[in-house]
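Listed below, chain by chain, are the residues.
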Amino acid sequence: MRELSAEFVGTMILILFGCGVVAQVIAGGALTDPPGGLGDHDSIAWAWGLGVTLGVYVAARLSGAHINPAVTVALATFRGFPWAKVLPYSLAQTAGAFVAALLVRWNYSEALAKADPLHTFTTQIVFSTLPSNGNPGLPVSEWGAFRDQVIGTAILLLLIMALTDLLNTPPGANLAPFVIGLVVVAIGMAFGTNAGYAINPARDFGPRLASFLTGYDDAWRDQYGNLYFWVPIVGPLVGGVIGAGMYKFMIERFMPSAEPEPVGRVPEPQD
């Protein structure tokens, strides 16, 4: 229970900052004069990255702070994480994302209603992703978005594996969560166009469900009417295993084995 509680709260922190910043930029920004006065794509990328960092710091000691089913599945595949815990972890992560999205929906209810009274795709992207971020001028199909999610999550997991490998050169002074947050910022800035860089099934499905239950009737589909919700679930799960596998077979297996500390470095037991 302590591990599931940590995953719930850690993911909740991630979504509070992530969906919160998109609500501020999209809904709040639409009401400024001139429009767009409350942030832009860069502020969204930074807030998502900081949300990851802070969520990991909250949950790391108790659960390892996966806060992402794609991470959980990849660690079960290549790092010995128990498969029996994969589904409970994923459900706790999704529940945390769902509750956080409900809080954002409630907190920004006035701004969302004023900016988008019919609750259309214009503000749906506050909660869940769409191909080309809902932009009809960039016709990305659901399969193009799937490709994007596989690539983005593969990058994420390859780097997470590197940053947490004690035989590599991981960040010291407990800075790994901060650097992983920077990885998410970088992915958002480099791979945010085609599908909104969900790279996390819980991050997308939990808020998507919350939005559907609070008035967004088309939450399961994209702006073209295609059933879309599966893309940011399946794509990250596939991409995470690919990225972690690349690290495992192209980097980790060439690492030197851990060696015992030299004599004199470890205190000898006293009689």
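Residues numbered from 1 in each chain as written. Predicted model: local features only at pLDDT ≥ 70, side-chain atom pairs only at ≥ 80, totals over all residues. Heavy atoms only, no water.

Where an unreviewed UniProt entry is consulted, the chain appears under the name Aquaporin, with the organism given as Streptomyces gougerotii. According to the UniProt record, the Subcellular location (unreviewed entry) comment for the chain is "Membrane". As recorded by UniProt, the Sequence similarities (unreviewed entry) comment attached to the chain reads in full: "Belongs to the MIP/aquaporin (TC 1.A.8) family." (UniProt positions renumbered as here; feature names shortened; annotations may be inferred.)

Novice: Is there a simple way to think about the overall build of the chain in this case?
Specialist: Secondary structure assignment for the chain yields 10 helices and zero strands. Along its sequence from the N terminus, the chain presents helices and strands in the succession α-α-α-α-α-α-α-α-α-α. In terms of overall size, the chain behaves like a compact globule, its C-alpha atoms giving a radius of gyration of 20 Å where 271 residues would be expected to give roughly 18 Å. In terms of overall dimensions, the chain has C-alpha extents of about 75 × 35 × 35 Å along its principal axes. Counting across all 271 residues of the chain, residues that qualify as buried make up 46%. Residue pairs at least 24 apart in sequence account for 79% of intrachain contacts in the chain once pairs closer than 6 positions are excluded. If you sum the accessible surface of the chain, you get close to 13100 Å²; carbon and sulfur atoms cover 67% of it. (Helix = DSSP H or I, 4+ residues; strand = E, 2+ residues; numbered from the N terminus. Rg over C-alpha atoms; globule rule 2.2 N^0.38 Å. Buried < 20%, exposed > 50% of the residue type's maximum accessible area, 1.4 Å probe, protein only. Contact = heavy atoms within 4.5 Å. Areas by Shrake-Rupley, 256 points an atom, 1.4 Å probe, with all protein chains shown as cover.)

Novice: Before we go on, may I ask you to explain helix α9 (residues 201-213) in this structure?
Specialist: Given 3.6 residues per helical turn, the α-helix brings residues three or four places apart onto the same face. Helix length check: α9 (13 residues) gives 18 Å between terminal C-alpha atoms against 18 Å at 1.5 Å per residue, within 8%. The complete set of buried residues in α9 reads Pro201, Ala202, Arg203, Asp204, Gly206, Pro207, Arg208, Ala210 and Ser211. Gly215 lies just past α9 and shows a positive phi near 120 degrees. (Expected span 1.5 Å × (residues − 1).)

Novice: How do you make sense of the pattern of salt bridges when you look at a structure like this?
Specialist: Opposite charge on two side chains allows them to pair when their charged atoms are near. Taken as a whole and judged by the stated rule, the model has four salt bridges. The closest approach of N and O atoms between Lys85 and Glu3, which form a salt bridge, is 3.0 Å. Note that Lys85 is positioned in the loop between α3 (69-78) and α4 (86-107) and Glu3 in helix α1 (residues 2-28), a separation of 82 residues in sequence. The closest approach of N and O atoms between Glu252 and Arg79, which form a salt bridge, is 3.4 Å. Of this pair, Glu252 sits in the segment after α10 (231-250) while Arg79 is found in the loop between α3 and α4, placing the two residues 173 residues apart along the sequence. Residues participating in the shared-partner salt-bridge network are Arg79, Lys248 and Glu252. (Salt bridge = Lys/Arg side-chain N within 4 Å of Asp/Glu carboxyl O.)

Novice: Honestly, the UniProt feature "transmembrane region" (unreviewed entry) in the chain in this entry has me stumped. Any pointers?
Specialist: Under the UniProt annotation, "transmembrane region" (unreviewed entry) lies at residues 12-31, 43-60, 86-108, 150-168, 175-199 and 227-247. In this annotation, residues 150-168 is assigned 74% helix and 0% strand; the end-to-end C-alpha distance for the span is 25 Å.

Novice: I would appreciate a short explanation of the side chain of Asp222 in the present structure.
Specialist: Positionally, Asp222 belongs in the loop between α9 and α10. As a buried residue without a salt bridge, Asp222 has its nearest oppositely charged side chain in Arg221, at a separation of 7.1 Å. At 2.9 Å, the side chain of Asp222 and the backbone nitrogen of Tyr224 are in polar contact. Ignoring sequence-local partners within four residues, the contact set of Asp222 consists of Phe121, Leu130, Pro131, Glu142 and Tyr228. (Lys, Arg positive; Asp, Glu negative; His and termini not counted. Polar contact = N/O pair within 3.5 Å; in protein donor to acceptor, adjacent residues only side chain to side chain.)

Novice: Help me out: how do you make sense of the packing of aromatic side chains in this one?
Specialist: How two aromatic rings sit relative to each other is set out by the distance from centre to centre and by the angle between their planes. In this structure the tally under the stated criterion is nine aromatic pairs. Ring plane angle 50 degrees and centroid distance 5.4 Å describe the contact between Phe212 and Trp220, whose orientation is recorded as tilted. Exposure remark for Phe212: the relative accessible area of 32% places this residue in the partly exposed category. Through pairs of rings, three or more aromatic residues link up here, namely Phe205, Phe212, Trp220 and Phe229. (Phe/Tyr/Trp six-rings, centres within 6.5 Å; stacked < 30°, edge-to-face > 60°.)

Novice: For this particular structure, what's the right way to read the packing of α9 against α10?
Specialist: Between two packed helices, what matters for the description is the angle formed by their axes and the separation of those axes. Packing of α9 against α10 leaves a shortest axis separation of 8 Å and a crossing angle of 170 degrees. By the angle between their directions, the pair α9 and α10 is classed as roughly antiparallel. Crossing geometry of α9 relative to α10 is assigned as left-handed. Facing Pro201, Asp204, Phe205 and Arg208 of α9, the residues of α10 in contact are Pro232, Ile233, Pro236 and Leu237. In terms of residue class, the contact of α9 with α10 is built from six nonpolar, no polar and two charged. (Axes fitted to C-alpha atoms, helices over the stretch in contact; angles between N-to-C directions. Parallel < 35°, antiparallel > 145°, perpendicular 65-115°, else oblique. Left-handed = near helix turned anticlockwise from the far one by under 90°. Nonpolar A, V, L, I, M, F, W, Y, C, P; charged D, E, K, R; others polar.)

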